[in-house]
Amino acid sequence: SYRAAAEVLCAARTWAQKNGHARTEGLCHEYLADVRADQCRPDVAIRHLGRALALALEKFPETDMVCEAQRRRAEVLVQLDRGADAREAAEEALRVSLKIAEPYEIALAHRAMGLVCAHGGDNDLALNELAQCEEILGELGERFERARTLWHRGRILKASGAVSDA
């Protein structure tokens, strides 16, 4: 249940804070944001992601932690209909992921950018970004995130009326 997940994550976050494990604390905030976003509470999710990003920038700048937090922020900012902020977060996730040359994070940053583009009404660019994500994930053999990317692609195609392609 959402309640049980949040309780476990809050306990883990408290432990991480007490024991100086900033990375674990940041991850707890990211996963709490996932729980809150799933509960249709993007307003709460974005606060958790703000904390995760602040920790990442302070303790782990220019790392996958920044990529993850910014990518997740982009997705939640889309839910909050804050397109400009979402684009900025996705661009930063892509910039950092390219700088550290982490293919997985590059792929997911492209997906975040695709979702931002779709939100802004540019479905062609959105599908291009998702195709880049899918290609990289395919090369990595990553099935779960590739499936999520294909699901997003289907949603965009369906919304644009290309039901047979969805």
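So, here's what we can say about the structure.

Rules used in this analysis
- Residues numbered from 1 in each chain as written.
- Predicted model: local features only at pLDDT ≥ 70, side-chain atom pairs only at ≥ 80, totals over all residues.
- Heavy atoms only, no water.
- Helix = DSSP H or I, 4+ residues; strand = E, 2+ residues; numbered from the N terminus.
- Rg over C-alpha atoms; globule rule 2.2 N^0.38 Å.
- Buried < 20%, exposed > 50% of the residue type's maximum accessible area, 1.4 Å probe, protein only.
- Contact = heavy atoms within 4.5 Å.
- Expected span 1.5 Å × (residues − 1).
- Arc of directions from axis to C-beta.
- Phe/Tyr/Trp six-rings, centres within 6.5 Å; stacked < 30°, edge-to-face > 60°.
- Lys NZ or Arg CZ within 6 Å of the ring centre and 35° of its normal.
- Salt bridge = Lys/Arg side-chain N within 4 Å of Asp/Glu carboxyl O.
- Axes fitted to C-alpha atoms, helices over the stretch in contact; angles between N-to-C directions.
- Parallel < 35°, antiparallel > 145°, perpendicular 65-115°, else oblique.
- Left-handed = near helix turned anticlockwise from the far one by under 90°.

The subject of this paragraph is the overall build of the protein. The secondary structure content of the protein amounts to 8 helices and 0 strands. Beginning at the N terminus, the succession of helices and strands in the protein can be written as α-α-α-α-α-α-α-α. Expected size for 166 residues packed as a compact globule is a radius of gyration near 15 Å; at 16 Å, the protein falls within 12% of this value. In terms of overall dimensions, the protein has a C-alpha envelope of 50 × 35 × 30 Å along the principal axes. Taken over 166 residues, the protein has a buried fraction of 42%. The contacts of the protein with a sequence gap of at least 6 include a subset with a gap of at least 24, amounting to 53%.

Quick look at helix 1 (residues 2-18) now. Over its 17 residues, helix 1 runs 24 Å from end to end, which matches the ideal 24 Å to within 8%, given 1.5 Å per residue. What helix 1 keeps buried is the set Ala6, Leu9, Arg13 and Ala16. For helix 1, the buried positions fall inside an angular range of 85° around the axis, keeping them on one side. Those residues of helix 1 that are exposed and aimed more than 90 degrees away from the buried face are Arg3, Glu7, Val8 and Lys18. Contacts from the buried residues of helix 1 go to helix 2 (22-38) and helix 3 (42-59). Gly20 sits one or two positions beyond helix 1 and adopts a positive phi of about 70°.

Here we take up the packing of aromatic side chains. Per the counting criterion, the structure on display carries 0 aromatic pairs. The ring of Trp151 is capped by Arg155, whose NZ or CZ atom sits 4.8 Å from the centre of that ring.

Right, let's talk about the pattern of salt bridges for a bit. What the rule picks out here adds up to 13 salt bridges. Among the salt bridges present, the one from Glu92 reaches Arg95, with a minimum N-O distance of 2.8 Å. You can see Glu92 and its partner Arg95 sitting in helix 5 (residues 83-100), 3 residues apart, about one turn around the helix. When its relative accessible area of 37% is taken as the criterion, Arg95 is described as partly exposed. Residue Glu145 is joined to Arg148 by a salt bridge in which the shortest nitrogen-to-oxygen separation is 3.4 Å. Of the two residues, Glu145 and Arg148 are both situated in helix 8 (residues 144-159); the distance of 3 residues between them amounts to about one turn of the helix. Residue classification places Glu145 among the buried positions, given a relative accessible area of 9%. By relative accessible area, Arg148 is classed as partly exposed at 31%. The network of salt bridges with common partners includes Glu62, Glu92, Arg95 and Lys99.

Right, let's talk about the packing of helix 4 (residues 64-79) against helix 6 (residues 103-119) for a bit. Relative to each other, helix 4 and helix 6 sit at 20°, their axes nearing to 9 Å. Here helix 4 lies roughly parallel to helix 6, going by the angle between them. Taken as a pair, helix 4 and helix 6 cross one another with a handedness that is left-handed. Residues Asp64, Cys67, Glu68, Arg71, Ala74, Glu75 and Val78 of helix 4 pack against Glu105, Leu108, Ala109, Arg111, Ala112, Leu115, Val116 and His119 of helix 6.

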